[in-house]
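This is what each chain is made of:
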Amino acid sequence: MVLVCFEKEMLMQLSTYKFSVLVSIVFISGFAQGMLLPLIAVIFEQDGTSASLNGFHATALYIGILIASPFIEKPLRKFGYKPLILAGLLAVVLCFAMFPVWKVFWFWFVLRLLIGIGDHMLHFSTQTWITTSSPEKKRGRNISIYGIAFGAGFGIGPLMTKMLEVNENLPFWLAAGLCFLSFLLMTTIRNERPETESARTSGITAIDRYKDVLKLAWVSLLPPFGYGFLEATLHGSFPVFALRNGISLDWVAVLLPAFVLGSLVFQLPLGILSDKLGRKPILIFSFVSGFFSFLATYWSMNNFWLLISLFFLSGMFVGSMFSLGIAYMSDLLPKYHLPAGNILAGISFSIGSMSGPMIGGSFISWFDGGAFVFAICGMLFVLCLPILFIKNKHEITIKSKTA
């Protein structure tokens, strides 16, 4: 009896250690990605690159995600989570180390694209690993911790723009070193594979699985799209907008982390509340509150303290959309569909992230003032409508199908 209890305790400790390692890796990945968007935006703006081209360049990361998405599920099922995470980390390390070698627009575009592929291998694997191994009653909590880790890293990343005053290559070297530490840390984890399909479903193609996911959980893909749009617009286009409207780089280095800090403060409470009250009401609350807090920034551009407070509030309300969307999707899908669901969530996020800088950059080029704020508010409004008006009966039907 004592031996059985000891074995259970050891398994629990190993599970906790695995979760801790995955969360720490996601933190470092978030740091690298959060640093890259504003860093290159500032470098190109100082070199005279147009806002539209700057925004287009930021889409490279998400093009890489789209390229990798159709091919990533089969290797995951065949080799397991660990090999994909290690391969993704290695690709990111090599690409960051290559940035200082040749400062050319299209060379950097290719490097960002390859980082997108590596990042997607990493995030898809860790995300699927966590969603499949989390009990339903703690799913929102665990995904929120995952989101907090990524958000914390993403929030600290923009602070590295200050390193440009010391050496332009220093941030790239730092990111490469931290990702390599993640690679070493991941080697200590035992490999696992996702849940196998039943005999009834094992013969269906990947396209059929994607169709099933879209049929069962399409509404859960809207929050990842919205978060991708928002995150990329703020980190990719806001620095350009700020520099063109007299907002100093020092302000930018504080405002963006304030948004992420807000998401860190409220992400876990929202995740726990969604476990208790349901995903839908919490998602609606997040979209509506985010809409009004972002709208208020339009009249606050000249007041630093009011602007930083609104960025913090906006982060509190909308910074959990991705993790809430993933938890919502995990509720609606059977476990063997979660790899396909996470792929489509990644695609949705990347499409939102690609459209964000392009739309934000275009609004900056075409309109004066803070008109691009309305692009953010308009997107939040449009995405909230399907979630708001979907019937609860539909959710019950979905759950009965997946039982």
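Within each chain, residues carry numbers counting from 1 in the order of the written sequence. Side-chain atom pairs in this predicted model are given and counted only at pLDDT of 80 or more, local residue features only at pLDDT of at least 70, and totals for whole chains, interfaces and linings cover all residues. As a rule here, side-chain values come from all non-hydrogen atoms in the structure, and water together with hydrogens is ignored.

1. So, the overall build of the chain
Condition: The numbering of helices and of strands both runs from the N terminus, where a helix is a DSSP run of H or I of at least 4 residues and a strand a run of E of at least 2. Whether a residue is buried, partly exposed or exposed follows from its accessible area with a 1.4 Å probe, protein chains only, as a fraction of its type maximum: under 20%, in between, or over 50%, in that order. Contact criterion: two residues are considered in contact whenever any of their non-hydrogen atoms come within 4.5 Å of each other.
Within the chain, the secondary structure is distributed over 16 helices and 0 strands. Out of the 403 residues belonging to the chain, those deemed buried represent 58%. For the chain, long-range pairs separated by at least 24 residues make up 87% of all intrachain contacts whose partners lie at least 6 apart in sequence.

2. Overview of the side chain of Ser-330
Within the element layout of this structure, Ser-330 appears in helix α13 (residues 321–332). Its relative accessible area of 4% is what places Ser-330 among the buried residues. Aside from chain neighbours lying at most four places away, what touches Ser-330 is Thr-131, Arg-139 and Leu-338.

3. Some details on the nonpolar core
Note the following rule: Among buried residues, the Ala, Val, Leu, Ile, Met, Phe, Trp, Tyr and Cys ones that are joined through side-chain atoms within 4.5 Å form a nonpolar core.
Of all hydrophobic cores here, the largest spans 116 residues; its most connected members are Phe-96, Phe-99, Phe-172, Met-186, Leu-230 and Phe-294. No other element matches helix α1 (residues 2–46), which puts 16 residues into this core. When near neighbours in sequence (up to four residues on either side) are disregarded, Met-186 contacts Val-21, Leu-22, Ile-25, Lys-82, Ile-85, Leu-86, Leu-89 and Trp-129.

4. Re the confidence of the model for the chain
Applied cut-off: Along the chain, pLDDT gives the predictor's confidence residue by residue, from 0 to 100.
When pLDDT is averaged along the chain, the result is 80, and 88% of the positions lie at 70 or above. At the level of individual helices and strands, the chain shows its lowest average pLDDT in helix α16 (residues 392–402), which scores 43, and its highest in helix α4 (residues 81–98), which scores 92. Every residue in residues 1–14 is under pLDDT 50, and counting partners more than four places away or in other chains gives 0 contacts. A low-confidence stretch, residues 392–403 stays under pLDDT 50, and its non-local contacts, those more than four residues away or across chains, total 12 contacts.

5. Notes on the pattern of salt bridges
Pairing is possible between side chains of opposite charge, provided their charged atoms come close. For clarity, the threshold we go by: Any Lys or Arg side-chain nitrogen found within 4 Å of a carboxyl oxygen on Asp or Glu counts as a salt bridge.
Per the counting criterion, the structure on display carries 7 salt bridges. Where Arg-279 meets Asp-331, a salt bridge forms, and the shortest distance between an N and an O atom there is 2.6 Å. Of this pair, Arg-279 sits in helix α11 (residues 279–297) while Asp-331 sits in helix α13, placing them 52 residues apart in sequence. The residues Arg-279 and Asp-331 share a single accessibility class, namely buried. Several salt bridges share partner residues, and in doing so they unite Asp-47, Lys-103 and Glu-168 into one network.

6. Comments concerning helix α10 (residues 249–277)
Operational definition: Helix span is expected to be 1.5 Å times the residue number reduced by one.
Taking 1.5 Å as the rise per residue, α10 with 29 residues should run 42 Å; its terminal C-alpha atoms sit 41 Å apart, in good agreement. Following α10 by one or two positions, Gly-278 adopts a phi angle in the positive range, close to 105°.

7. Topic: the environment of Leu-264
Among the structural elements, Leu-264 can be located in helix α10. Here Leu-264 falls in the partly exposed class, since its relative accessible area comes to 22%. C-alpha of Leu-264 to C-alpha of Gly-147: the two residues are 117 residues apart in sequence and 8.2 Å apart in space. Setting aside its immediate chain neighbours within four residues, Leu-264 contacts Ile-148, Gly-151 and Ala-152.

8. A short note on helix α6 (residues 139–156)
The end-to-end C-alpha distance of α6, which contains 18 residues, comes to 26 Å, matching closely the 26 Å that a straight helix rising 1.5 Å per residue would cover. With respect to burial, α6 is a largely interior element, 14 of its 18 residues being buried.

9. A few points about the packing of helix α2 (residues 51–58) against helix α3 (residues 60–79)
Using the following cut-off: Every axis corresponds to a line fitted to the C-alpha atoms, with the helix fit spanning only the stretch in contact, and the corresponding angles, defined between N-to-C directions, vary from 0 to 180 degrees. Note on angle classes: values under 35 degrees are labelled roughly parallel, values over 145 roughly antiparallel, values of 65 to 115 roughly perpendicular, and the remainder oblique. Amino acids outside the nonpolar list (Ala, Val, Leu, Ile, Met, Phe, Trp, Tyr, Cys, Pro) and the charged list (Asp, Glu, Lys, Arg) are all regarded as polar, and Gly is one of them.
Interaxial distance between α2 and α3 falls to 4 Å at its minimum, and their mutual angle equals 30°. Considered as vectors, α2 and α3 are oriented roughly parallel to each other. For the pair formed by α2 and α3, the contact residues are Phe-56, His-57 and Ala-58 on the first element and Ala-60, Leu-61 and Tyr-62 on the second. For the contact of α2 with α3, the per-class residue count stands at 5 nonpolar, 1 polar and no charged.

10. Considerations on the packing of aromatic side chains
Applied cut-off: A pair of Phe, Tyr and Trp rings is counted when the ring centres sit within 6.5 Å of each other, with Trp represented by its six-membered ring. The angle between the planes then sorts it: under 30 degrees is stacked, over 60 is edge-to-face, the rest tilted.
Taken as a whole and judged by the stated rule, the model has 18 aromatic pairs. Between Phe-322 and Phe-349 the ring centres are 5.5 Å apart and the planes differ by 75°, which places this aromatic pair in the edge-to-face class. Of the two residues, Phe-322 sits in helix α13 while Phe-349 sits in helix α14 (residues 338–366), which places them 27 residues apart along the sequence. Its relative accessible area of 15% is what places Phe-322 among the buried residues. The structure contains a cluster of three or more aromatic residues connected by ring pairs, namely Phe-44, Phe-96, Phe-99, Phe-105, Trp-106, Trp-108, Phe-109 and Phe-172.

11. A few points about the packing of α4 against helix α5 (residues 105–133)
As a reminder of what qualifies: Rotating anticlockwise by less than a right angle from the far helix to the near helix defines a left-handed crossing, while the corresponding clockwise rotation defines a right-handed one.
The contact between α4 and α5 brings their axes to 8 Å, and the two run at 155°. In terms of orientation, α4 and α5 fall into the roughly antiparallel class. In this structure, the crossing between α4 and α5 has a hand that is left-handed.

12. Points about the side chain of Ser-348
Along the chain, Ser-348 turns up in helix α14. Taking the relative accessible area as the measure of exposure, Ser-348 reaches 12% and is therefore buried.

13. Some remarks on the environment of Lys-138
Inspection of the secondary structure assignment puts Lys-138 in the loop between α5 and α6. When the C-alpha positions of Lys-138 and Ile-272 are compared, they lie 7.8 Å apart, and in sequence the two are 134 residues distant.

14. Quick word on a nonpolar patch on the surface
Quick note on the threshold: Like charges are joined within 9 Å and nonpolar side chains (Val, Leu, Ile, Met, Phe, Trp, Tyr) within 5 Å, but only among residues with over 30% relative accessible area and no salt bridge; these make up the patches. All accessible areas in this document rest on Shrake-Rupley with a 1.4 Å probe, and a residue is counted as covered only by the protein chains that are shown.
A contiguous nonpolar surface patch, about 490 Å² in accessible area, is contributed by Phe-381, Val-382, Leu-385, Leu-388 and Phe-389. By the secondary structure assignment, Val-382 is in helix α15 (residues 372–389).

15. Here we look at the environment of Gly-271
Position of Gly-271 among the secondary structure elements: in helix α10. Here Gly-271 falls in the buried class, since its relative accessible area comes to 0%. As a C-alpha pair, Gly-271 and Gly-147 span 124 residues in sequence and 9.8 Å in three-dimensional space.

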